[in-house]
Structure formats: structure tokens, C-alpha cells
2 protein chains.
Amino acid sequence: MAAQVRREVAERIAQLKQQGQAVQLTAILVGSSPAAEVYAENQARSTGDIGIDYRLLKLPADSSMQQVRTTIEKLNHDATVTGIMLHLPLPSQLDAPVLQHAIDPLKDVEGVSPANIGYVVYGHTLIAPCTALAVIELIKSTGQDLRGVEAVVVGASEIAGKPIALLLTEQMATVTLCHIATHDLSSHTRRGQVLVVAVGKPGLIGPDQVQEGAIVIDVGINRIKLADGSKKTVGDVQFDAVAQKAGYLTPVPGGVGPMTVAMLLKNTLRAAELVRGKMGSS
Amino acid sequence: MAAQVRREVAERIAQLKQQGQAVQLTAILVGSSPAAEVYAENQARSTGDIGIDYRLLKLPADSSMQQVRTTIEKLNHDATVTGIMLHLPLPSQLDAPVLQHAIDPLKDVEGVSPANIGYVVYGHTLIAPCTALAVIELIKSTGQDLRGVEAVVVGASEIAGKPIALLLTEQMATVTLCHIATHDLSSHTRRGQVLVVAVGKPGLIGPDQVQEGAIVIDVGINRIKLADGSKKTVGDVQFDAVAQKAGYLTPVPGGVGPMTVAMLLKNTLRAAELVRGKMGSS
């Protein structure tokens, strides 16, 4: 599915290029770490592969709020830049939501600006968060109509659980949002015809917590150490056992992760079309 | 409770005035209707009573998006204006969320700018929507700690149900958001230790839908015609019958309504403090 999305996005970007309209994504990295560098290199490759012009803009680790904000505002006004993203985590002197708010909502390819989150609440979505979009696409691929479905989301984080709950509500599912303070979690998760788990706790959900035939989406990505000392990436769901009971279950790795990357590319295309559309109409 | 909030806000505004810092609310009314005029007159009185300088700015009914946006941007940059609100509904050529997005989040006294809604999602609240704040204040007045409580919200509107669900989640309640597409509504409402009803359907919730001892908040305001032809304002909850079963129940009129007005006044004070704080620090 992710490969299919990438192909479609690449085709549309090629069309835009023929019309002289480049899709340009500028990513801002404040400070650095080996993990961030690897991530940025992967991003340069995945965007380049489908024809997106990618630039990584590195700022010093001790940058002030005002310095980062000024950089963002320049990019907002730069007509050659159609998408902007800010790599997280940021150094501790910087406030992520306030800086994300400085990004023009039309260029906010990650869909993380507070304004874009608010537009989702208003059912007036411009660009939605990539992980939440990936979850919705994966559920829809089963053919399940979400209207009136009992959906249970476990984990109420700002970047995953809450936006997922909002997009499910937008699709007219009846949504229960559970988290660390929820009593009797199993009584909720067993009600879910759709169950989305986004906690970051390996093996949190076993077969007893899942309704027979449910669509289960595992957003968790955890690195665990096996008995022999080697490491392995697993989700929040006990895959083999739950696969016996669920109707559908996404694997980790290879499920929500690649689909989220594909949604970022799709959002980058969408931002370019929104930005060009606005320029065309003004 | 609403009177108590108004007194506290009035005291703080008087202190600010002594320091030469006026609290100024400018309300924008595009076009007009008898209902809107009455509402604006009431607002002029309720704000004036507690020391807020109030101005109603009337724009022609055929104003364009650009004209309203320019008006808002002037108010954003006017240092004498500490709060801005846009009366709804707007004429059909205007797009409410896009114009609300133009209001500086710090001056958005209704807490309806998409950015402010987004900040609520991020648990980074600047100014939250008044109705949702009123609901939280009323629940807290019972002494109920919301952490881990089963909360059920009926009605997923942009101005009431969704922000209420978000603020309840922020308080660490386990929240289920129900709406028109929900199957077997009663099975959900009966789970609610806290039940918030915001639909706009007279008598939707009867005693069979309510858990013994629940805290029930009725956000509905409906005008109904009685058998003798007279009119009456009622909520979404069958008051007399549910009062026998619920632990707490807000009346309509006289419950969420006056508390929402009080929260608008409190937000107007908060906006002034945020705006002055920002000016002081810059």
C-alpha cells in the first residue's frame, strides 16, 4: 500500500514538474545527533526518489526561539519552498508547538501546526498528521466503513493517539480514547471493532484484550533485547497470538511505519498544491 | 458559581485599571439580525458591569473575506485592543474557521481559533473554548477528581462536544465521544460516571440512559412550544426524572449558559494578561 501511494505521488509530481512547478521540501534540524542525521539522510533519499527537491537546513544547537522563528518565517515567504518541516526532538530551550505554529499551515507537511490540528477538530482539514492519516488509510483498506463503528484508541499522545481519535471521529466512528489513567483497559479494548494501540509498551495488548474479528492497528515501535542479547523491533500488540483472533492486524515493523512515511510524501505533494493554488488565486 | 467568577474577574480588572492597563474587547458583527443585536447589547452590559471596555464593530453583510481579514489584522496590531471576537453565524460568503485563524491566538477570547484548539490538543492550552471550560468548571465544583473517570460526551460539534472531549482528556478522564451515528447510545451513556450532553434535542436523555449517581451536564438549549401555545427553554436531559437518579444535574436555563458567559469574561481577562505579558517581555 505504501509503495502504491509513493507511485501515485511520484506520477503527480512528475506532471507538476512538466508544468514548471517544483515540489520543494525544506527540513529544519536544530542541533544534531547520529539518529537525526540518519533520519535526514533517509528522508533525502525517500523524497528524492519520487522527485521532491529536498533541502536540510541545519541550525546550531543553541539557537534561540527568535532565531528559529525568523528562519521559519523566511521559508514561509519563500515562493520556491512549498513544504516545511521541523525535526523533533528540539533542544530544551525551544518550544515545539509554538514554533510549529509559526509554520504557514499550507506548508506544514507534517500536519502538526496547532492550526492544522484545530482545522481537523473543525472537520475542515487542510493537512492532517501523517501517523493518523496512515492509520485511517490502513483501516479503510480493509473495506470497513467507519461510520458508527466502535473504535478504541489506546494512548493519548499529542502526535499519535489524539489526532488518530479526531480523524476517527471525523469518519463518524464512536471513539473511546484510553490512556495511562484508564481503569479496566481490557473492558474498553474488547469493545473495539477497531482497536488502535499507540502507547510504546511492548506486548501491552494480548488476545484477551481483543474482540474476535477486530481490525487492530499497532502504532507502537519498540526496540527490545532478546534472551540471546540481540535486539528486535516489536509493536505494542502480541503479534502471533492476536493474529489468531483479530480480523486484521498490522505488523511491526512494516505496518504503520512505512505508511506514515508515504503519508508524509503525500502531504508534501498536497502542501505544494495548496501553496500553488493560493498563489494562482491571489 | 458564575456570579463568583464574575466577581473575581471584576476585582482583577479593577487592579489592572489602577495600573493603567485597560481590558478592551472588540466584537465584530458582520451584517445584522434582531437576535444578534440583542446578544450584542447583553454583551455590552455584561462586559461593562465588570469593567471591560467593549466596542461593537459592525461590518456590512456583503463584506468579503479579505475585508474581514483586514479588519481582524488591524485589531491584532492595535495595542489598545486586548481581546477580539467574531459573532457567529457569518453570512454565507465567509468561512468562519479561516477568519478565526486570522485572530491573534493571544486575543482570541472565545478560544475558537484553530490554533487555540490545536494548543488544547497539545495539552499546551492558551485560551480554551468557553463552553468547554464551563463544563469542566461545573464538574470540578462537585469535588470529583477527573483522573481515570469514565466520561461520555454526546454530541460531536466543533464548538461544544469535541472541545469538551479534549478538555476532559486533558484532565485524564477516559472519554467516549458519541454522536448521531453511534449505535446503542444508551449502552454508552450508562457507562458514564460523568455524562455531558450537547446535542440540541429536547429530552434526548432520560433516566434509563443515566448511571445512578452520575454527574450530568446538560449543554443543550432548546426552545419548545407547550400544549397551551407558550414557549419554554429546555435542555437535552429530562430534568425532573433524571434528577432522581443522577448525583448532580445542571438545569436549563441557569446551568451551563451563565457559566459560559462567565468563562468568556474570564477568557477576556486572560487574553489581556497574555497580551500585556507579551508586550512586557518583548
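All values reported here derive from a predicted model rather than from experimental measurement.

> A description of the overall build of chain A should follow, citing residues and the corresponding values.
In terms of helices and strands, chain A carries ten helices and ten strands. Against the 2.2 N^0.38 benchmark of 19 Å for 282 residues, chain A shows a C-alpha radius of gyration of 19 Å, consistent with a compact globule. With the C-alpha coordinates aligned to their principal axes, the bounding extent of chain A is approximately 55 × 45 × 30 Å. Residue burial in chain A is summarised as follows: out of 282 residues, 48% are buried. In chain A, the proportion of contacts linking residues at least 24 apart, taken out of those at least 6 apart, comes to 64%.

> Describe in detail the domain arrangement of chain A, supporting the description with residues and values.
The domain boundaries assigned to chain A delineate domain 1 (1–105) and domain 2 (130–257). In this structure, domain 1 of chain A and domain 2 of chain A have C-alpha centres spaced 28 Å apart.

> Describe helix H7 (residues 161–170) of chain B, naming the residues involved and giving the relevant values.
All names here are of chain B. For H7, a buried count of ten out of ten residues is recorded, marking the element as mostly surrounded by other parts of the structure. For H7, the complete set of buried residues consists of Gly 161, Lys 162, Pro 163, Ile 164, Ala 165, Leu 166, Leu 167, Leu 168, Thr 169 and Glu 170. Directly after H7, the chain includes Met 172, whose backbone phi takes a positive value near 70°.

> Tell me about the packing of helix H5 (residues 114–121) of chain A against helix H5 (residues 114–121) of chain B, residues and numbers included.
One can describe the packing of H5(A) onto H5(B) by two numbers: an axis separation of 6 Å at closest approach and a directional angle of 95°. Classified by the interaxial angle, the pair formed by H5(A) and H5(B) is roughly perpendicular. Contacts from A:Pro114, A:Ala115, A:Asn116, A:Ile117, A:Gly118, A:Tyr119 and A:Val121 of H5(A) reach H5(B) at B:Pro114, B:Ala115, B:Asn116, B:Ile117, B:Gly118, B:Tyr119 and B:Val121. The residue inventory of the contact of H5(A) with H5(B), partitioned by class, reads ten nonpolar, four polar and no charged.

> Give a detailed account of the relation of the copies chain B and chain A, specifying residues and quantitative values.
When chain B is fitted to chain A, the residual RMSD is 0.0 Å, and the transformation amounts to a turn of 180° plus an axial shift of 0.0 Å. Such values leave the two copies arranged in the relation of a two-fold axis. When the interface residues of chain B are mapped onto chain A, 100% of them are again interface residues, pointing to one common binding face.

> Please give an account of the environment of A:Leu90 that cites residues and values.
You can see A:Leu90 is positioned in the loop between strand S3 (83–86) and helix H4 (96–102). Here A:Leu90 is in contact with A:Val30 and A:Ala96, once residues within four sequence places are set aside.

> Before we move on, can you summarise the interface of chain B and chain A with the specific residues and values?
Opposite the 28 residues of chain B that make contact, chain A presents 28 residues. At seven residues, the largest contribution of residues to the side of chain B that touches chain A is made by H5(B). Among the residues forming the side of chain B that touches chain A, the class breakdown is 13 nonpolar, twelve polar and three charged.

> How would you summarise the pairing of strand S9 (residues 231–234) of chain B if you had to cite specific residues and measurements?
Residue and element names in this part refer to chain B. Pairing of strand S8 (residues 222–225) with S9 involves four bridges; the strand directions are antiparallel. Bridge pairing links Ile 224 to Lys 232 in S9. What sits between S8 and S9 in their antiparallel hairpin is a turn of five residues, with Gly 229 showing a positive phi close to 90°.

> I'd like to hear about the confidence of the model for chain A, residue by residue, with values.
Across chain A, pLDDT averages 95, with 99% of residues at or above 70. The ipTM value of the predicted complex is 0.94, and its pTM value is 0.94.

> Outline the nonpolar core, supporting the account with residue identities and numerical values.
Judged by nonpolar contacts, the single largest core of 172 residues is most densely connected at A:Val135, A:Val153, B:Val135 and B:Val153. Residues in contact with A:Val135, not counting those within four places in the same chain, are A:Ile164, A:Val196, A:Ile217, A:Val219 and A:Val256.

> Describe the sheet that holds strand S1 (residues 24–30) of chain B, listing the residues and the values that go with them.
Residue and element names in this part refer to chain B. Pairing in this open sheet of three strands is parallel, and the strands run S2-S1-S3 from one edge to the other. Sheet topology places strand S2 (53–59) and strand S3 (83–86) at the edges, where each strand pairs with a single neighbour. Taken over all neighbouring pairs, the strand axes of this sheet differ in orientation by 20° on average, direction set aside. Relative to the sheet, helix H2 (residues 34–49) contacts S1 and S2, its axis offset from that of S2 by approximately 160°.

> Any chance you could break down the sheet that holds strand S5 (residues 174–178) of chain A for me, citing the residues and the numbers?
Sheet strands associate in pairs through backbone hydrogen bonding, adopting either a parallel or an antiparallel arrangement. Read across the open sheet, the ten strands follow the order S10(A)-S7(A)-S6(A)-S4(A)-S5(A)-S5(B)-S4(B)-S6(B)-S7(B)-S10(B); overall the sheet is mixed. Bordering the open sheet on either side are strand S10 (248–249) of chain A together with strand S10 (248–249) of chain B, each of which pairs with just one other strand. Bridge count between strand S7 (residues 215–218) of chain A and S10(A): two bridges; the pairing is parallel. The residue bridging A:Ile215 from the neighbouring strand is A:Tyr248, located in S10(A).

Parameters and conventions
Along each chain, numbering runs from 1 in the same order as the chain's sequence is written. Chain A is the first chain written and ligand 1 is the first ligand written, with later ones labelled in order. Given that this is a predicted model, residues contribute local features only at a pLDDT of at least 70 and side-chain atom pairs are listed and counted only at 80 or more, while totals for whole chains, interfaces and linings are drawn from all residues. Numbering goes from the N terminus for both helices and strands, where a helix is a DSSP run of H or I of at least four residues and a strand is a run of E of at least two. We take the radius of gyration over the C-alpha atoms and set the globule estimate at 2.2 Å times the residue count to the 0.38 power. Note on burial: count the other C-beta atoms lying within 10 Å of the residue's C-beta; 20 or more is buried, 12 or fewer is exposed, in between is partly exposed, and C-beta positions come from the backbone. We call two residues in contact if the C-beta atoms placed from their backbones are at most 7 Å apart. All the domain ranges listed were derived from an automatic or database domain assignment. To define axes, lines are fitted to C-alpha atoms, for helices over the stretch in contact only, and angles between the resulting N-to-C directions are given on a 0 to 180 degree scale. Here roughly perpendicular refers to angles of 65 to 115 degrees, roughly parallel to angles under 35, roughly antiparallel to angles over 145, and oblique to all remaining angles. Any residue outside Ala, Val, Leu, Ile, Met, Phe, Trp, Tyr, Cys, Pro, Asp, Glu, Lys and Arg is labelled polar, Gly included; the first ten of those are nonpolar and the last four are charged. For this overlay, a least-squares fit was computed on C-alpha atoms, restricted to residues scoring pLDDT of at least 70 in both copies. Should DSSP find at least two bridges between two strands, the strands are regarded as paired. What pLDDT reports is the predictor's confidence in each residue, on a scale of 0 through 100. The nonpolar core criterion groups buried Ala, Val, Leu, Ile, Met, Phe, Trp, Tyr and Cys residues into a set whenever they are joined through C-beta atoms within 7 Å.

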